[in-house]
Amino acid sequence: MAPLTPRLVVPIDVKKQPWEQKVPLHNRWHPDIPPVADVTEGELFRVEMVDWSGGRVRDDNSADDMKSMDFTIAHYLSGPLRIVDSEGVPASPGDLLAVEICNLGPLPGDEWGYTAILERENGGGFLTDHFPSARKAIWYFEGIYAYSPQIPGVRFPGLTHPGVVGTAPSVELLNIWNEREKRLAETNQETLQLCEVLHQRPLAHLPNPENCLLGKIQEGTAEWHKIANEAARTIAGRENGGNCDIKNLSRGSKVYLPVFVEGGNLSTGDMHFSQGDGEISLCGAIEMSGFLELKCEIIRGGMKEYLTPVGPTPLHVNPIFEIGSVEPRFSEWLVFEGISVDESGKQHFLDASVSYKRAVLNAIEYLSRFGYSKEQVGSRVANC
């Protein structure tokens, strides 16, 4: 018997704002954000997603939307989804949730995305000392290929993947996150540098009720105020998975996520048409709206059996990512070396960040010899 069509559990209308969607979205992590649907173990289901900004970035030639972007919105996620077995028994704390990506892609009729360089005064990026001003490139999709009017002559195959996939934290785990990130945020930022450049962005994104979207919980209620002031931001990756940005997490991949609350409360979003190993310009992936078609398996007691805590509690674990076999096929590469010496000629001791920065700058300098500006090359290198 042929497999059934995936059941659509979270539909998206790209003409509507995130808070206007038929099934509520959310942009924070908290154990009390209620699930929007139940999904049965082994069921093939479809989740649609807005882009991380919820449509605030426009398909035009202006980078003003990126220059003034308010990052308290990040990331708009679809879910949470309560995962149950064939008997209706939900996943339990201590279980593992194996999430298989069966299919994925851009939303029909919305086949475009964008990369961007952020303004130095609004977050910056890895090369903000070289590229301090906001820039944006729009990419249009033709099947597996993408091309950009802002970077003419370039067309390449992407490897589509979700940037964010994770489960809800327990109260105990949420408290651990907030306490450790608060201690980091209290560090004297003026003493910290990355590759000899003063930090431009917050050291940690602490709970902030501004632009907080909590799914079914109505804004302005006492419950909303309590959760909004406790809920973790989605920008950092953590023990629950979250903002992992793994470029090969495409068709055929599996994510083994720890379960901290009943049902797991699975959420996903931040779809990427393509990305390199990291995001050089902070918005270096080709961001887009999209869909995932997934199947879940509950591994009872899997956290203890398969995940080893690295930290003071059994909650200090991390997911396992099993990468699928789909990848663009390239037969030739150029490799640009980076050494632990910065642009001023200063030697650093085994500084991987300085070395990586040098390698990226070497690639940009070389490719800019072929008729492209360094900003154009930077937008392309971010997806290699």
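Our structure's up above, just so we're on the same page.
Here the structure is a predicted model, which means the values were calculated and not measured. (Residues numbered from 1 in each chain as written. Predicted model: local features only at pLDDT ≥ 70, side-chain atom pairs only at ≥ 80, totals over all residues. Heavy atoms only, no water.)

1. Here's the deal with the packing of aromatic side chains
Okay, step 1: The final tally for this structure, using the stated rule, is seven aromatic pairs.
Okay, step 2: Ring centres of W112 and Y114 lie 6.2 Å apart, and the angle between their planes is 40 degrees; this geometry places the pair in the tilted category. Here W112 and Y114 have matching classes, each one buried.
Okay, step 3: Note on F336 and Y366: the rings are 5.6 Å apart at their centroids and 50 degrees apart in plane angle, and the pair reads as tilted. Linking F336 in the loop between strand 19 (320-322) and helix 5 (352-367) with Y366 in helix 5, this pair joins segments that are 30 residues apart in sequence.
Okay, step 4: Taken together, the ring pairs connect F336, Y366 and F370 into an aromatic cluster.
Okay, step 5: Over the aromatic face of Y145 sits the side chain of R155, whose NZ or CZ is 4.0 Å from the ring centroid.
Okay, step 6: For R238, the ring lying beneath its charged end belongs to W177, and the centroid distance is 4.8 Å. (Phe/Tyr/Trp six-rings, centres within 6.5 Å; stacked < 30°, edge-to-face > 60°. Buried < 20%, exposed > 50% of the residue type's maximum accessible area, 1.4 Å probe, protein only. Helix = DSSP H or I, 4+ residues; strand = E, 2+ residues; numbered from the N terminus. Lys NZ or Arg CZ within 6 Å of the ring centre and 35° of its normal.)

2. As for a nonpolar patch on the surface
Okay, step 1: Together, L334, Y366, L367 and F370 make up an exposed nonpolar region whose accessible area comes to about 390 Å².
Okay, step 2: The class of Y366 is partly exposed, set by a relative accessible area of 32%. (Patch = residues over 30% accessible without salt bridge, like charges linked within 9 Å, V, L, I, M, F, W, Y side chains within 5 Å. Areas by Shrake-Rupley, 256 points an atom, 1.4 Å probe, with all protein chains shown as cover. Salt bridge = Lys/Arg side-chain N within 4 Å of Asp/Glu carboxyl O.)

3. As for the side chain of S170
Okay, step 1: Along the chain, S170 falls in the loop between strand 10 (161-166) and helix 2 (171-185).
Okay, step 2: Only 3.2 Å separates the side chain of S170 from the backbone nitrogen of L173, close enough to count as a polar contact.
Okay, step 3: Apart from the residues lying within four places of it in its own chain, the contact partners of S170 are P31, F260, V261 and L315. (Polar contact = N/O pair within 3.5 Å; in protein donor to acceptor, adjacent residues only side chain to side chain. Contact = heavy atoms within 4.5 Å.)

4. Considering the sheet that holds strand 1 (residues 7-10)
Okay, step 1: Spatially, six strands are ordered 1-3-18-5-15-19 in an open sheet, and the strand pairing comes out mixed. Single-partner strands in this sheet number two, and they are strand 1 and strand 19. Taken over all neighbouring pairs, the strand axes of this sheet differ in orientation by 30 degrees on average, direction set aside.
Okay, step 2: Across nine bridges, strand 5 (residues 96-105) lies against strand 18 (residues 290-299) in antiparallel orientation. Bridge assignment links L97 to a residue of strand 18, and that residue is I298. (Pairing = 2+ DSSP bridges. Axes fitted to C-alpha atoms, helices over the stretch in contact; angles between N-to-C directions.)

5. Remarks on the pattern of salt bridges
Okay, step 1: Counted under the stated rule, the structure contains 19 salt bridges.
Okay, step 2: A salt bridge links E343 to K357; the nearest nitrogen and oxygen atoms lie 3.1 Å apart. Of this pair, E343 sits in the loop between strand 19 and helix 5 while K357 sits in helix 5, placing them 14 residues apart in sequence.
Okay, step 3: By relative accessible area, E343 is classed as partly exposed at 42%.
Okay, step 4: Here the salt bridges share partners, and the residues they tie into one network are R58, D60, D65 and K136.

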